[in-house]
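The lines below spell out each chain.
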Amino acid sequence: MLRDTHLKINLDCLDNNVREIKNLISPDVILGAVLKANAYGHGSKGIAKHLYENGVNHFLVSSLIEAIQLRRENVHYKILIMGHTPDQYLNHVISNDLTATIFTFEQAYILNKLAKNQNKKAVVHLKIETGFNRLGLQVDEHTVSTIKQIVKLDNLIIEGIFTHLALTNKEKDYEQYTLFMHLIGELENHKIKIPIKHVCDSIGMVLYPEMNLNMVRVGALLYGLQSEEKGKLKIQQVMTFHTKISHIKELKKGECISYGNRWQAKDNTSIATLPFGYSDGYPRNMYKKGRVTINNKAYPIVGVICMDQCMIDLKHDKVTFDDDVVIIGDGRNNTLSFDAVSSLAQTNKNEIVSRFTSRVPKVYIKNNRIFNIEQELL
Ligand SMILES: *Cc1c(COP(=O)(O)O)cnc(C)c1O
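Residues numbered from 1 in each chain as written. Predicted model: local features only at pLDDT ≥ 70, side-chain atom pairs only at ≥ 80, totals over all residues. Heavy atoms only, no water.

Q: Help me understand the overall build of the chain, please; the structure alone is not making it clear to me.
A: Tallying secondary structure elements over the chain gives 11 helices and 21 strands in all. In terms of its C-alpha atoms, the chain occupies a principal-axis envelope of roughly 80 × 45 × 40 Å. When burial is assessed residue by residue, the chain has 52% of its 378 residues classed as buried. In the chain, 65% of the contacts between residues at least 6 apart in sequence involve partners at least 24 apart. Of the roughly 18200 Å² that the chain leaves accessible, carbon and sulfur atoms contribute 48%. If you average the places of the 47 positive and of the 40 negative side-chain charges in the chain, the two averages end up 2 Å apart. (Helix = DSSP H or I, 4+ residues; strand = E, 2+ residues; numbered from the N terminus. Buried < 20%, exposed > 50% of the residue type's maximum accessible area, 1.4 Å probe, protein only. Contact = heavy atoms within 4.5 Å. Areas by Shrake-Rupley, 256 points an atom, 1.4 Å probe, with all protein chains shown as cover. Lys, Arg positive; Asp, Glu negative; His and termini not counted. Charge placed at Lys NZ, Arg CZ, Asp CG, Glu CD.)

Q: Where do I start with the packing of aromatic side chains in this structure?
A: The geometry of an aromatic ring pair comes down to the distance between the two centres and the angle between the two planes. All chains considered together, the criterion is met by 10 aromatic pairs. An angle of 85° between the planes, with centres 6.1 Å apart, marks the rings of tyrosine 174 and tyrosine 177 as edge-to-face. Linking tyrosine 174 with tyrosine 177, this pair stays in helix α8 (residues 170-189), spanning 3 residues, or about one helical turn. Tyrosine 174 gets classed as partly exposed once you look at its relative accessible area, which sits at 25%. Aromatic ring contacts, followed pair by pair, group Phe241, Phe276, Tyr282, Phe338 and Phe356 into a single cluster. Stacked on the ring of phenylalanine 371, the Lys or Arg lysine 366 has its end atom at 4.0 Å from the ring centre. (Phe/Tyr/Trp six-rings, centres within 6.5 Å; stacked < 30°, edge-to-face > 60°. Lys NZ or Arg CZ within 6 Å of the ring centre and 35° of its normal.)

Q: Help me understand helix α1 (residues 11-24) in this model?
A: Each α-helix winds once per 3.6 residues, and so residues spaced three or four apart point in a common direction. Taking 1.5 Å per residue as the helical rise, α1 with its 14 residues ought to reach 20 Å, and the 20 Å between its terminal C-alpha atoms agrees with that figure. Every buried residue belonging to α1 is among Leu11, Cys13, Leu14, Asp15, Asn16, Asn17, Val18, Glu20 and Ile21, and all of these are buried. Here α1 starts with a cap whose side-chain oxygen sits 2.9 Å from the backbone nitrogen of aspartate 12, and that cap is asparagine 10. (Expected span 1.5 Å × (residues − 1). Polar contact = N/O pair within 3.5 Å; in protein donor to acceptor, adjacent residues only side chain to side chain.)

Q: I'm lost on the pairing of strand β20 (residues 362-366) in this one. Help?
A: Residues in a regular strand project their side chains so that they alternate between the two faces of the sheet. Burial of β20 is extensive: 4 of the 5 residues sit out of reach of the surface. Inspection of the sheet shows strand β1 (residues 6-10) paired to β20 by 4 bridges, in the parallel sense. Residue pairing for β20: asparagine 10 is matched across the bridge by isoleucine 365. As paired strands, β20 and strand β21 (residues 369-374) are joined by 5 bridges and run antiparallel to one another. Within the sheet, the bridge partner assigned to lysine 362 lies in β21 and is glutamate 374. (Pairing = 2+ DSSP bridges.)

Q: Even after reading the chapter, I still don't get the sheet that holds β1, so can you show me in this structure?
A: The strands making up a sheet are joined through hydrogen bonds of the backbone, oriented either antiparallel or parallel. Pairing in this open sheet of 10 strands is mixed, and the strands run β12-β15-β18-β17-β16-β19-β11-β1-β20-β21 from one edge to the other. Looking at which strands have only one partner, the edges of the open sheet turn out to be β12 (247-251) and β21. The average undirected angle you get between the axes of adjacent strands in this sheet is 35°. Against the sheet, helix α3 (residues 44-53) contacts β1, β20 and β21, and its axis sits at roughly 15° relative to β20. (Axes fitted to C-alpha atoms, helices over the stretch in contact; angles between N-to-C directions.)

Q: How should I be thinking about the side chain of lysine 362 in this particular structure?
A: On the secondary structure map, lysine 362 appears in strand β20. Buried and unpaired, lysine 362 has glutamate 374 as its nearest opposite-charge partner, separated by 5.0 Å. In this structure, lysine 362 is in contact with Leu7, Ile9, Asn38, Gly41, His42, Gly43, Asn372, Ile373 and Glu374, ignoring residues within four places of it in sequence. (Salt bridge = Lys/Arg side-chain N within 4 Å of Asp/Glu carboxyl O.)

Q: Help me understand the site of the ligand in this model?
A: Lining the immediate environment of the ligand, one finds 13 residues, of which Lys36, Tyr40, Ser202, Arg217 and Ala220 sit closest. Contact distances for the ligand include 2.9 Å between an oxygen atom and a backbone N or O atom of glycine 219. In this structure, alanine 220 approaches the ligand through a main-chain N or O atom, which is 2.8 Å from an oxygen atom. Its free accessible area being 390 Å², the ligand has 89% of it covered by the protein chains. When residues of the shell around the ligand are traced back to their parent elements, those giving at least two are α2 (36-40) and β10 (215-218). Looking at the shell around the ligand residue by residue, the class counts come to 5 nonpolar, 4 polar and 4 charged. (Near = heavy atom within 4 Å. Nonpolar A, V, L, I, M, F, W, Y, C, P; charged D, E, K, R; others polar.)

Q: Mind showing me how you'd approach the nonpolar core here?
A: Nonpolar side chains tend toward joint burial in soluble globular proteins. Among the nonpolar cores identified, the biggest contains 108 residues, and Leu35, Ile47, Leu51, Leu111, Ile161 and Met205 are the most heavily contacted of them. Residues contacting leucine 51, with those up to four places away along its chain left out, are Leu14, Val18, Ala33, Leu35, Val56, Phe59 and Leu222. Grouped together as the second largest cluster of nonpolar side chains are 6 residues, Leu251, Ala265, Val302 and Met311 included. (Core = buried A, V, L, I, M, F, W, Y, C linked by side-chain atoms within 4.5 Å.)

Given below as structure tokens:
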């Protein structure tokens, strides 16, 4: 490893979460693993490979570029691009054997033509708008006829149909679901049967088992990001964030730290400098709120957090340069979990995990041992 600041990704915890989720859903429901945003910061290549070796073979990403990055690993799992793929990139969907999300006849028509040119069939999932109002084919009096036209295109395989819940409340979520199921019913009346129907993300999967249909699209819970809506699931947080001390110095009462000298020592104290900052993805607004943990004891971040470094108040405790500094832990042993950090930073867990930058090496743990280290040399 070329840097002390790193992410630890515990594949044993990931395995536990897969088992827990598989126990929760019925055996005929496909576990679709959401690997967008570099697998929520866990490294999509490493995570995909590990999941595939452990029986998960449906992967979902948000964009074409993420799908191609995964496909380069040369493993032939299914990859659904859940977002929009602009017309000019659709040929890559076909040449990389990806599954596209389609919600207009125009795109279906273009994709069909491109597939014909490559002498292939393009696999698609239709996205239906039911109230999230992000992407999808609006449900109105034209929807069935539009889908009928799409189904007639010879070089398309309509493998799936889906919608996304806004998770507003039970009543609103059911309105969305009912609208979706009503459309499915109408399509079936017209002899259009689409094999994979899906609605639920992590929270939907737990809250509404009856909506699991043929597949669930699971991100947050797979990575063990704790949620109040985890039901009976005993999930374990997969990722933790660590570093080591780069410098220790004594500060006299009245001396100040960092930009604007906004933190002043009330007493003589000892200060450690840590080699991580906001450009690694740690929220800059953790100033005055953040703390790290060394030997099970918490130490506050003092002074403004810099791009690449920050300081903590050791209060003369004995620590060494070899000690593991837990910046974000799993919540045990006095550490802040992703859940705690995201509340303090006034954002959500997904934002914190997904914005770690490429200069942070990832250390993969399997059977309690280092299994692989991934670091990008730019
Ligand atoms: C991100 C995403 C998911 C996964 O959401 P989690 O809450 O992380 O499980 C599911 N479906 C769609 C359409 C998404 O964009």
